[in-house]
Amino acid sequence: MSDRPIKLLLIDQDPIFRLGLRVALEAIPNLEVTGVVETDTAALQILAEIAQEDPNQVNLLVLEFGNGRSTTSQQLGLQFCRQLKALYPNLPILLLSSVQEQGLLLAAKSVGINGYCPKGTPLPELVAAMQEVADGGDYWFRDMEAITTPNSLLHSRDAINRVGRDAINRVSTHSPLPFSKLRNNLRLSGIAHIEATLAAVTAQLQVPGLPVLDRAILAGQRRELLAARWLLNQLLVSSQERQEENVSVADEPPLAASLSSAIQQGQTVPPLLSPGTLQSALFASCVTKLQFILRNVTDVPLEIDIFREDKKRELLYLILQKLAEQLDELRASQIDINQLYEARFSLLRELWQAAITDFFGKFSRIKLGNQNIEIVNYLLPSIEVVQRDILNKIPLVCELYSYLIFQTELNIDNTSYPVFSAEAKCQALMILENLLIQVANGVVQPLLNSLADVEEIKHNFYGRQLISTREIERFRNDLSWKYRLKNYINEPKAVFESRYELFVIAPRGIANTSVYAPRNQELVKLSNIPLVVTLLLEFSDAIAPRLKSLLAFVGSGIVFILTQIIGRGIGLIGRGILQGIGSASLIEKNFRRNSDRFK
């Protein structure tokens, strides 16, 4: 173990734990707490800044899995660990967590986590673990096996090891070629790389709002990867190995009748997933997409456009975490589906309140005039306006909650999608992204209405292009016109066309799309200007075909008159003139000939 100083970055949501650990570690020689952050997004921002300035500022990352309680939050923490290892493969990571589930800890070890200590570990042992991991070693708490590993899992692990050894022995004894093992390793390595790239390309192809050119390029890449996988299997698999694979497949027990018939018919057999697993998979996909560029590429201004890129991402990620906690609470309360539909507006209200409290900080203060005010208490009374303008108009909320809690089918675009199908996940992901973006708009709206031009707010949250008073007022005016157009024109038009507009996160930024959904009840409730707009749309639909027919008839009549009557008349007149000119020249020619003869 070296005496190299430890420079660590601590990530934990518990402010009391962060403070206590920092105070305890600052008394340890050769150990420096470079930074303490609460969210994953803040950690990514700090690491990106450090990578540009001096990578040696941090040589150890200490983090907690989510909040240590919520299953979904733990899954998001695991996803964050994968992302960290992809971005900073040489940065050692120590998991300091209250998590004790063996499956989750093994998953953490498989993605590259270098060590684990439970919260409550004695300080000397914790410092020794930090030193070991920072020096490039591994450290896993000595009692982890005894605390979390059931005997069946140990037996299963031994069985897996025996199977692996038998497989290696079988390959070494049956293969006549000395380099067959090397060839097989090369093939498996290449296949693994191709499969990972293929999965990434396929995921990008499923993103809605993708430009046609990008979709064509990705489709071409996918075909090339499939061809490369087939070619690799053909070149690096010997005939004997291929025969052994065929024999092993033939020796497998027959499938159940329903399963085999489903495979023969090309159907998808839904896996047995718990609601928590279904939610974790969906949220993990959303976390991945939150790393895309978050620039607004639509022609509709959004409230969050005034924020910097990192603040947008932090706010959206925070709302996703709060939504995960809310879903866990709903499952624990054993709510039924009818109660869910009745409570949908209050659920969005609670989600907005939790997001605005945690994002700005419950006790954060700013100077407004001669007063120091608490931001959260100043913004929370705007809930009625936010709920009327934004929250109550978020579409398909109950469908998303019901899909995640009760595993109901999604009925969107006039199609019913099975729960575990890829199409259902894609549709649910669009609804989830729109929910995050709209709630984020609701968080920013009262800030723009009351504190838009406060210097401290502009310094902490705004992008550089929107910090002057003139640009802020122009931005607010654009939003005001958006509300007017939405209330009086766009929304009644969408109701009449039975569709919802959704904002989604695409690789090029925040895009918009539309899905079909029956809106007959909302159509009946329209009044005043929105009702006039729908009546005008219906009138235009009713009269447009007749008007087009009339114009077509009049146009054909005008064409007939111009071509058959006027055109022919002009042609005959011109023809007569030309003939007259020709006759006159002939007479003159004959007259000259006769005159010459008499002479």
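These numbers were taken from a predicted model, which means no experiment stands behind them. (Residues numbered from 1 in each chain as written. Predicted model: local features only at pLDDT ≥ 70, side-chain atom pairs only at ≥ 80, totals over all residues. Heavy atoms only, no water.)

## Regarding the overall build of the chain
Logical step 1: From N to C terminus, the chain includes 23 helices and 12 strands.
Logical step 2: Long-range contacts, defined as pairs at least 24 residues apart, comprise 71% of the intrachain contacts of the chain with a sequence gap of at least 6.
Logical step 3: With an accessible surface of roughly 33600 Å², the chain has 57% of that area assigned to carbon and sulfur atoms. (Helix = DSSP H or I, 4+ residues; strand = E, 2+ residues; numbered from the N terminus. Contact = heavy atoms within 4.5 Å. Areas by Shrake-Rupley, 256 points an atom, 1.4 Å probe, with all protein chains shown as cover.)

## Quick word on the nonpolar core
Logical step 1: Residues Phe 283, Phe 360 and Tyr 401 are the most contacted members of the largest nonpolar core, which totals 90 residues.
Logical step 2: Here this core takes 15 residues from helix α19 (residues 422-450), the largest share from any one element.
Logical step 3: Residue contacts for Tyr 401: discarding those within four places in its chain leaves Leu 323, Gln 326, Leu 327, Leu 330, Leu 340, Leu 347, Leu 351, Phe 406 and Leu 435.
Logical step 4: By size, the runner-up hydrophobic cluster in this structure holds 28 residues, among which are Ala 43, Leu 44, Leu 47 and Ile 113. (Core = buried A, V, L, I, M, F, W, Y, C linked by side-chain atoms within 4.5 Å. Buried < 20%, exposed > 50% of the residue type's maximum accessible area, 1.4 Å probe, protein only.)

## Things to note about the pairing of strand β1 (residues 6-11)
Every regular strand shows the same layout, with side chains that alternate between the two sheet faces.
Logical step 1: Taking burial as the measure, the six residues of β1 include five buried ones, the bulk of the element.
Logical step 2: Here β1 runs beside strand β2 (residues 31-37); their pairing, made up of six bridges, is parallel. Across the sheet, Lys 7 pairs through a bridge with Glu 32, a residue of β2.
Logical step 3: Where β1 meets strand β3 (residues 60-63), four bridges bridge the pair, whose relative direction is parallel. By the bridge assignment, Leu 9 is partnered in β3 with Leu 61. (Pairing = 2+ DSSP bridges.)

## Details of the pattern of salt bridges
A side chain of one charge can pair with a side chain of the opposite charge if their charged atoms are brought near each other.
Logical step 1: Counted under the stated rule, the structure contains 19 salt bridges.
Logical step 2: Here Lys 289 ties to Glu 433 by a salt bridge, and the two come within 2.7 Å at their closest N and O atoms. Of this pair, Lys 289 sits in helix α12 (residues 275-289) while Glu 433 is found in helix α19, placing the two residues 144 residues apart along the sequence. Per residue, the accessibility class of Lys 289 equals that of Glu 433, and both read buried.
Logical step 3: Across the pair Glu 325 and Lys 322 runs a salt bridge, and its minimum N-O distance is 3.8 Å. Taken together, the positions of Glu 325 and Lys 322, both in helix α13 (residues 309-333) and three residues apart, correspond to about one turn of that helix.
Logical step 4: You can call Glu 325 partly exposed: its relative accessible area is 24%. (Salt bridge = Lys/Arg side-chain N within 4 Å of Asp/Glu carboxyl O.)

## Observations regarding empty space enclosed by the protein
Logical step 1: For the coordinates displayed, the defined rule picks out three cavities of 30 Å³ or more.
Logical step 2: Reported here for the second largest cavity is a volume of approximately 60 Å³.
Logical step 3: Taken together, Asp 40, Thr 41, Leu 44, Phe 80, Gln 83, Val 287, Leu 290, Gln 291, Arg 313 and Tyr 317 make up the full set of residues lining the second largest cavity.
Logical step 4: At the level of elements, α2 (40-53), α3 (71-87) and α13 are the ones that each hand at least two residues to the lining of the second largest cavity.
Logical step 5: In terms of residue class, the lining of the second largest cavity is made up of five nonpolar, three polar and two charged. (1 Å grid on protein atoms, 1.4 Å probe; cavity = no way out; pocket = protein on both sides within 12 Å on 5 of 7 lines; lining within 4 Å. Points joined across faces, edges and corners; volume = space filled by probe spheres on them. Nonpolar A, V, L, I, M, F, W, Y, C, P; charged D, E, K, R; others polar.)

## Focus on the sheet that holds strand β6 (residues 139-140)
Logical step 1: Ordered by their spatial adjacency, six strands build an open sheet running β2-β1-β3-β4-β5-β6, and the pairing between neighbours is parallel. The outermost strands of the open sheet, each flanked by one partner alone, are β2 and β6.
Logical step 2: Where helix α1 (residues 15-26) meets the sheet, it contacts β1, β2 and β4 (93-97), and its direction lies at approximately 165° from that of β2.
Logical step 3: The strands touched by helix α5 (residues 123-134) are β1, β2, β3, β4, β5 (115-118) and β6; relative to β4, the strand with the most contacts, the crossing angle is about 155°. (Axes fitted to C-alpha atoms, helices over the stretch in contact; angles between N-to-C directions.)

## A word on the packing of helix α15 (residues 344-360) against α19
Logical step 1: Relative orientation of the contacting elements α15 and α19 amounts to 60°, with a least axis distance of 10 Å. Considered as vectors, α15 and α19 are oriented oblique to each other. Regarding α15 and α19, the two cross each other, and that crossing is right-handed. Between α15 and α19, the residues in contact are Leu 348, Leu 351, Trp 352, Ala 355, Ile 356 and Phe 360 and Leu 435, Val 439, Gly 442, Val 443, Pro 446 and Leu 447, respectively.
Logical step 2: For the contact of α15 with α19, a count of residues per class yields 11 nonpolar, one polar and no charged. (Parallel < 35°, antiparallel > 145°, perpendicular 65-115°, else oblique. Left-handed = near helix turned anticlockwise from the far one by under 90°.)

## Points about the packing of α13 against helix α18 (residues 397-406)
Logical step 1: One can describe the packing of α13 onto α18 by two numbers: an axis separation of 10 Å at closest approach and a directional angle of 60°. As far as their axial angle goes, α18 and α13 are oblique. Pair α13 / α18 crosses with right-handed handedness. Each of Leu 323, Gln 326, Leu 327, Leu 330 and Arg 331 in α13 lies in contact with α18, whose residues at this interface are Tyr 401, Leu 404 and Ile 405.
Logical step 2: Tallied by class, the residues present in the contact of α13 with α18 amount to six nonpolar, one polar and one charged.

## Some thoughts on α19
Logical step 1: Here α19 is 29 residues long and its end C-alpha atoms lie 43 Å apart, about the 42 Å a rise of 1.5 Å per residue gives.
Logical step 2: Where burial is concerned, most of α19 is hidden: 23 out of the 29 residues are buried. (Expected span 1.5 Å × (residues − 1).)

## Description of the packing of aromatic side chains
Logical step 1: Enumeration according to the criterion identifies six aromatic pairs in this entry.
Logical step 2: Ring plane angle 20° and centroid distance 5.5 Å describe the contact between Phe 307 and Phe 461, whose orientation is recorded as stacked. With Phe 307 in the loop between α12 and α13 and Phe 461 in helix α20 (residues 455-461), the pair connects residues that are 154 residues apart, well separated along the chain.
Logical step 3: You can call Phe 461 buried: its relative accessible area is 8%.
Logical step 4: The structure contains a cluster of three or more aromatic residues connected by ring pairs, namely Phe 307, Phe 359, Phe 360 and Phe 461. (Phe/Tyr/Trp six-rings, centres within 6.5 Å; stacked < 30°, edge-to-face > 60°.)

## Comments concerning α1
Logical step 1: For α1, built from 12 residues, the straight-helix expectation of 16 Å at 1.5 Å per residue is met to within 8% by its first-to-last C-alpha distance of 17 Å.
Logical step 2: Restricting attention to buried positions, one finds in α1 the residues Arg 18, Leu 21 and Leu 25. Viewed end-on, α1 has its buried residues packed into an arc of 75°, placing them on one side of the element. Within α1, the exposed residues directed more than 90 degrees away from the buried face are Ile 16, Leu 19 and Val 23.
Logical step 3: Tucked inside the fold, the buried residues of α1 contact β1, β2, β4 and α5. (Arc of directions from axis to C-beta.)

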